[in-house]
Amino acid sequence: MYRGHLARGWRRSRGPDAHGTTMSRSTYEQPSTPPTDPPETHNGRLTTTRIPLKQFKEDAELAAADDPQRLFVRTAMRNVANTRAKTEAMFGSIQSARDVAAAIKWEGLQNIEAMLLQFEENATKNGINVHWAADGPSVCNQVIEIMRQNNARSVIKSKSMATEEVHLNHALLDAGFEVVESDLGEYIIQLRDEAPYHFVFPSMHLKRGEIKDAFDHKVSREESAPVASDDPEALTMFARNIMRQKYLSADVGISGGNFIIADSGAIAITENEGNARLTCGVPKIHIVVVGIEKIAPKLEDLALLQTMLGTAGAGQLLTGYNTVYFGPRRRNENGEGEVDGPEQMHVILLDNGRTKLLADPALRDALRCIRCGACLNVCPIFSNVGGHTYGTTYQGPIGAVISPPMRGTAQYGHLAYASSLCGACTETCPVKIDLHHHLLRIRQQYTVAKPQAAEKSAMNWFARTMRHPLLYRAGARVALTFDGLLRPLHGTRLDAISAWRKRRSLPGKPTQSFTSWWQSGGKQ
Amino acid sequence: MISPGKISGDRDMVLGRIRSAMATPTDPHVIHGGMSPDRSHIVDVLPPVADTWEAKLAALTERSANLKTNLIVVPDRGAMASTVRDLIDAEVATKIAYHRHPLVTPNAETVCESCYCVDDGFDKAKLEQCQIGISTCFAIVAQTGSVAVTAQSTGGRALTVLPPHHIVLATADQVVPHLPALWAKFAASPDRASSMISLISGPSRTGDIERILVLGAHGPKKLTIVLEQPQ
Amino acid sequence: MKVHLFIPCFIDTLMPDVGIATVEVLRRAGCEIIYPTGQTCCGQPAFNSGYTEQTRSIGRHMLDLFKDAEAVVSPSGSCSAMVKVFYPQVFAGTPDEARANHLSEITWEFSDFLVNKLGVTDLGARFPHKVTIHDGCHGLRELGVRDQPRQLLEKVKDIELIEMDEARTCCGFGGTFAVKFPAISNAMGQVKCESAGRTKAEYVVSGDSSCLMHVQGYADKNGPAVKTIHLAQILASQ
């Protein structure tokens, strides 16, 4: 299967946005490789010589030829779509729900400064330590500083794409700390040293046999007895048993955040497994890393935002656990109060390129994203090339929209071209981001950021021809005649449309154009 | 506790970037989805559930079946007690954790040889050994089939997620019709001072392996609600 | 009513029968057709590649050609969408803004024009074949064209309509996309064709000839044995 090629190539050393999360040294038997810094830390210059577009096309070609894998992914997406349709049918009005959800997130964005300050004030009153991080290295340094100040050694993590962006696990490992991912899908892909295939369903591309292999070969016998079989239940229980001890022994729990609630100074976290509940409930210190765009103005907004997230993402009216954290364990001066909970809670508000998106008045609404993954689920490009082909932390339509502005249009703008602009993403987005039109906007930016002289000349020639009807008519006649004359070259490298001809046949040549028919009286 | 001033990091830089970013007004061609939300609409766009016992019970029953929550409706406290005893006996459970509450205590302490009360100084290793955790709830949301628990009044954070079987004891007056009603109740309640509220919708689950549903990924494999009818 | 006809460049050169059928149907519906012979292209290839200036340059020619029109009709979802949805954005802030907005307002996709402007669904057509519908993405999502083709086809005598499960999934043509990412385009064509094949329909109908060209091209080479046909051609059949 092609995936071996991509999985092998998809290491944290590859590309400026390459990422990897890794296990604590006790469970991961191979040494880690040093992280590659994202280009922002190197004066905007790429640190690799990889050509993203060429690589993308090669990977896409391989993936598009893997029929069984494509069918597997397509079937999974169709099932999600069916479940989602049933759940949406329960709503009073799913289309109105999208309007209100979009308006709520937009209100937060339009007032983002005031909202973040309101959150900071309320959270601080609740006993939360609020920190701000401009970029990836800053987040990593701040987390490490918190660990050191508390003499902490070990971390258990729940799923957080923000921490994936900044290679946090790497930084922690290299600083000598132990890091374990508790979410089952994240745990599996870490063992395989692979990037998430889909930011909501990170291991959806894997069959049970491959998962069992990872458990057999990457988890030491000291850690656990071998897994009983490749039955999904057995595989899940294997991970569950390993994690239970980790929750109890970890010094620090690090989570992401789905919503930053401004009026309450709180963080809301959505999950199915319960691993975030445990990560944020058992260890003595809880650290949240969350993108600044996750603002929700009011606590009551969760009634709609959490249902939209669950419904759009996986067809669940509500995901298994929707938890709001208002602060560390609450006790009075006499030590009376809550029976357990962390002694400290930290929230690190992360920028890492989000302000670049914010600064673009035409793309700003992309920050409404609640990371549901619905756009991936409906995208025909995604289901035909798979999540690893994109080469970015976020895949699919939203990935193609936010990666160029956040990580460099010249480096990632090609993703905006890898789309037929069908609009299924925009149609499905629960917060009405203008996704496919943004791809067009990014294409416009790309022609400026990374000018293609040959293409530009061709476009100028095209425009000139199309402004002059006689040129157009002549050109059409010539092209049709020429194509006949050039028959011997068909299928060879000199054939201009060989790419089409390789896979498809062409329509037959008509005897006259429509315009000729019209001009000659318009009769058959 | 680390004081905020010490590791506040890049606060000024980030706020400065935000300010300069927002100096440019939004392009009118971008879809806004509305400029200011009418929050009174939230209850209308969500699945409708009337605030009657029949409607709430119907919704809760349907959702529980969908979520694989074991919902048991009982006529009175006596029936609740015997139901709990049956649940415990069925599992041949030897260790049970609970928190003190008028609903919970009598049910837990009838099987007291093996009970661990989390209110008496918390030992997470001991809690991890328990097969069943019994708690009450802050509320039950009929619309979504969710059990709302809080750190303040339903036994802390770990009790309602660590033991493999979570039994929730609730009364009819705790059932709210929908999510907006839940948040309204929460805002007006002493529980608003909790450090955590969690909406539990079914047992713990994952679809991470071939999108096949497996229960009990990390949290409870079984969620049972024993709900007393209106008296 | 007087209708200016906008025939996409590839229909003009490669599939003139679609244009001829469009004229036939509109005349049957009582329209007087005006066809500005100087028309060339709406500029979509330049627009989709990110070249706004060149798009404007081509678009201005369109604005000139159709300046006296009351209604502009096109048998193409993607080209109508280019004018209706994107011209206002392309020309915003330029001296041509008002003209572009006006042209946008009076431009109609073919099936939308028949059903919603003329109020006509029965064109007196007969097409005794099993037919499945492909919803071209631009028509579907930019212009809301979904019910209109079905309302028209349901009135066709002796037709047997069957829906394919991937009716609303992109066929993979996407204009410049097919040229830039042929492997992905082809994979998407495969999904569409296999879905059509499962219906056992003889014909795949759509309001977009560009999609049909792509689907026919794939099907001829790889199967299934299906014929593609434009909506106008079915409605013109008697």
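Model, not experiment: these values are computed from the prediction.

## As for the pattern of salt bridges
Summed over the entire model, instances satisfying the criterion amount to 44 salt bridges over all chains. As a salt-bridge pair, A:Arg244 and B:Glu128 come within 2.7 Å of each other at their nearest N and O atoms. Of this pair, A:Arg244 sits in helix H11 (residues 232-249) while B:Glu128 sits in helix H6 (residues 124-128), placing the two residues on different chains. Using a relative accessible area of 13% as the deciding quantity, one classes B:Glu128 as buried. The network of salt bridges with common partners includes A:Glu165, A:Glu293, A:Arg354, A:Arg371 and A:Arg407.

## Section: the pairing of strand S1 (residues 2-5) of chain C
All names here are of chain C. Relative to strand S2 (residues 32-34), S1 is paired through 3 bridges, and the arrangement is parallel. Within the sheet, the bridge partner assigned to His-4 lies in S2 and is Ile-34. Strand direction decides the pairing type here: S1 and strand S3 (residues 72-74), joined by 2 bridges, are parallel. By the bridge assignment for S3, His-4 is matched with Val-72.

## Details of the packing of aromatic side chains
Inspection of the entire model under this criterion finds 22 aromatic pairs over all chains. Judged by centre distance (5.8 Å) and plane angle (90°), the ring pair of A:Phe56 and C:Phe181 falls under edge-to-face. Separated into two different chains, A:Phe56 in helix H2 (residues 52-64) and C:Phe181 in the loop between helix H10 (176-180) and helix H11 (182-199) make up a pair that spans both. This pair shows no difference in class: A:Phe56 is buried, exactly as C:Phe181 is. Ring pairing ties together the aromatic residues A:Phe56, A:Tyr197, A:Phe382, A:Tyr390, C:Phe177 and C:Phe181, which thus form one cluster.

## Description of the sheet that holds strand S6 (residues 160-162) of chain C
Residues and elements named next belong to chain C. Pairing in this open sheet of 4 strands is parallel, and the strands run S6-S5-S7-S8 from one edge to the other. In this open sheet, the two edge strands, each paired with only one partner strand, are S6 and strand S8 (227-230). Neighbour-to-neighbour, the strand axes of the sheet open up by a mean angle of 35°, direction not taken into account. Examined bridge by bridge, strand S7 (residues 203-206) and S8 share 4 bridges and lie parallel to one another. Of the residues in S8, the one forming a bridge with Tyr-203 is Lys-227. Here helix H12 (residues 209-222) sits on the sheet and contacts S7 and S8; the angle it forms with S8, its principal contact strand, is near 175°.

How each quantity is defined
Residues numbered from 1 in each chain as written. Chains lettered and ligands numbered in written order. Predicted model: local features only at pLDDT ≥ 70, side-chain atom pairs only at ≥ 80, totals over all residues. Heavy atoms only, no water. Salt bridge = Lys/Arg side-chain N within 4 Å of Asp/Glu carboxyl O. Helix = DSSP H or I, 4+ residues; strand = E, 2+ residues; numbered from the N terminus. Buried < 20%, exposed > 50% of the residue type's maximum accessible area, 1.4 Å probe, protein only. Pairing = 2+ DSSP bridges. Phe/Tyr/Trp six-rings, centres within 6.5 Å; stacked < 30°, edge-to-face > 60°. Axes fitted to C-alpha atoms, helices over the stretch in contact; angles between N-to-C directions. Contact = heavy atoms within 4.5 Å.

That's the geometry; what it means functionally is another story.
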